[in-house]
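Per-entry structural report
So the chains spell out like this:
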Amino acid sequence: MQDSDLYAEILGIREPWRVERVDLDLKEGEVNVHLTHAVGALWPCPECGTLCPLYDHQPLRRWRHLDTCQLRTILNADPPRSNCPQHGARTVKLPWAEAGSRFTALFEALAIDWLRAASQQAVADRLSLSWDEVHAIQERAVKRGLERRKAEPVTRLGIDEKSFTRGHHYFTMVNDLDRSRVLFVAEHRTTESLDGFWSSLTAEQIDAVQAVAMDMWDPYVTSTLNHLPDAQRKIVFDKFHIAKHLSEAVDQVRRRENKLLREQGDDRLAGTRYDWLRHPARMEPDDRKEFAALRNSNLKTARAWALKEAMMAFFEYFYERPARKHYRWWHNRAVRSRLKPIAEKARMIRRRFENIVTYIRHRITNAASESINSKIQWVKYTARGFRNTRNFVTAIYFHCGGLDLMPSTH
Ligand SMILES: [Zn+2]
């Protein structure tokens, strides 16, 4: 067997292509494999698939392939153009690489496999690629995956915001709550950020959306109302976001009361801030006992805390009528509690209530799944090399999008 046939075998080169010659440069650690094709071969037009004669060749191109015997291996070929009676001269699809790539499909598949498990830096080092090359492979993988994502129905969505690097640089993320994957990422948390998601859906996909969980964040509400028919019945404000608001109110009551008590030499509330935030069931037995005494006292903070817990009990209902009844009872108590921070939150909840009660029907929150959150943490952790937000967005799709990333071979 000749060297060139051996290489064709190893590299998986098929008719009409064959290996013309192999140049070995041991000093550079590089093998250059020169490919050519049978004279008179016919080429499918990339538009219509008709087998056409050769029109001409484009200038020599090179593709990095999997290393052979630890030698950097480069395929070299002049890409042919087909001469279609209908479409004219078109560059044909090559069996070893996707259009526009400087790598063979097998090499890209290897890089993608590594990128799933290791940082971009590690992959760049291991495969001797530049940052730009690693990013290009990752971006092409994501583009391919997003194109392949069929126009499949997604019924329950969670819209979440994530901050990234140094505080207040926000991203909007839309999660598929049923399949635990990120559907969409955009910079900022404006109406426009979310508009981009809705406009990426087909009319059928929009029809299929039954419920959307989100924080009480007006830009997201506006965008959803503008794009989703009957959105009033489908928006579900996140119950943890409501709990957070009520906890803030409890803490405001506590701070004020603590100040007054300390002036009288009573420091029962000092240093208890986090006790009021934690669930008693998650406390150490001794702490729980101590906290129970505080909770059962006639302190204002204790009343505020009980009101918060009573509102959260609303989310335990399974039927709307008793849930609404519970809420009306709660609202009356909250606004008459003479606890100003609680009364203010109660008024906010009333304004938003029709999209809080939707929880009883849909039972969703916008919290991304643990697996998505841990992957996002990992992306952030390995993100030191990200020079721009586009790389971050690409990495989120790459790791959390549940996409089919691999290049196709012909
Ligand atoms: Zn054609």
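Our subject is the structure listed above.
Notes on the structure follow. (Residues numbered from 1 in each chain as written. Predicted model: local features only at pLDDT ≥ 70, side-chain atom pairs only at ≥ 80, totals over all residues. Heavy atoms only, no water.)

Let's talk about the sheet that holds strand β13 (residues 211–214)
Defined as follows: Only strands that DSSP links by at least two bridges are regarded as paired with each other. The helix count covers DSSP runs of H or I at least four residues long, the strand count covers runs of E at least two residues long, and both are numbered beginning at the N terminus. For helices, the fitted axis covers only the stretch in contact; all axes are lines through C-alpha atoms, and the angles between them, taken along N-to-C directions, range from 0 to 180 degrees. Any two residues having at least one pair of non-hydrogen atoms within 4.5 Å are treated as being in contact.
Read across the sheet, five strands follow the order β12-β11-β10-β13-β14 without closing on themselves; strand pairing throughout is mixed. Each edge of the sheet is formed by a strand with only one pairing partner; in this case those strands are β12 (181–187) and β14 (235–237). Put simply, the sheet's adjacent strands are angled 25 degrees from each other on average, direction ignored. Contacts between helix α15 (residues 389–400) and the sheet are confined to β11 (170–176) and β12, with β12 contributing the most and set at about 175 degrees to the helix.

Some points on the nonpolar core
How we decide: Throughout, nonpolar core names a set of buried Ala, Val, Leu, Ile, Met, Phe, Trp, Tyr and Cys residues whose side chains join them through atoms within 4.5 Å. Each residue gets one of three labels from its accessible area relative to the maximum for its type: buried under 20%, exposed over 50%, partly exposed in between, using a 1.4 Å probe on protein chains only.
Of all hydrophobic cores here, the largest spans 94 residues; its most connected members are L157, F197, F314, W330, I349 and I396. Apart from the residues within four sequence positions on either side, L157 is in contact with V174, N175, L177, L183, F197, W198, V209, A211, V212, A213 and I364. Grouped together as the second largest cluster of nonpolar side chains are 19 residues, L11, I13, W17 and V33 included.

Describing the pairing of strand β7 (residues 71–77)
Buried residues dominate β7, accounting for six of its seven residues. Examined bridge by bridge, strand β2 (residues 30–37) and β7 share five bridges and lie parallel to one another. From the neighbouring strand, N32 faces β7, where its bridge partner is I74. Connecting strand β6 (residues 61–68) to the antiparallel partner β7 that follows it, the hairpin turn spans two residues, and C69 within it adopts a positive phi of roughly 50 degrees.

As for helix α2 (residues 105–117)
The condition that has to hold: Expected span of a helix: the number of residues minus one, times 1.5 Å.
Helix length check: α2, at 13 residues, gives a terminal C-alpha distance of 19 Å against a target of 18 Å (1.5 Å per residue), a fit within 8%. Among the residues of α2, those classed as buried are A105, F107, E108, A109, A111, I112 and L115. Contacts made by the buried residues of α2 are with β6, α3 (120–126), α4 (131–148), α14 (370–381) and α15.

Focus on unusual backbone geometry
Here the amide bond leading from E15 into P16 is cis, since omega sits at 5 degrees, within 30 degrees of zero. If you trace the backbone, P16 turns up in the loop between α1 (3–11) and β1 (17–25). In the Ramachandran plot, C69 falls in the positive-phi region, its phi being about 50 degrees despite a non-glycine side chain. Its place among the elements puts C69 in the loop between β6 and β7. The phi torsion at S180 lies on the positive side, around 50 degrees, for a residue other than glycine. By the secondary structure assignment, S180 is in the loop between β11 and β12.

A few points about the packing of aromatic side chains
The relative placement of two aromatic rings is captured by the distance of their centres and the angle of their planes. Convention followed: Note on aromatic pairs: the rings of Phe, Tyr and Trp (six-membered ring only in Trp) are paired at centre separations within 6.5 Å, and the planes decide the class, stacked below 30 degrees, edge-to-face beyond 60, tilted for the rest.
This model, assessed by the stated rule, comprises 15 aromatic pairs. On the numbers, 4.8 Å between centres and 70 degrees between planes, the contact of W276 with F291 is edge-to-face. Highlighted residues: W276 in the loop between α8 (239–263) and α9 (285–295) and F291 in helix α9, separated in sequence by 15 residues. Like F291, W276 is buried. An aromatic cluster of at least three residues, connected via ring pairs, comprises F314, F315, Y327, W330, F353 and Y359.

Examining α15
With 12 residues, α15 extends 16 Å between its outermost C-alpha atoms, agreeing within 8% with the 16 Å of an ideal straight helix rising 1.5 Å per residue. Within α15, 10 of the 12 residues are buried, leaving the element largely enclosed by the surrounding structure. By the burial criterion, the buried members of α15 are N391, F392, V393, T394, A395, I396, Y397, F398, H399 and C400. Lining the buried residues of α15 we find α2, α4, β11, β12 and α14. Looking at the residues trailing α15, positive phi occurs at G402, about 60 degrees.

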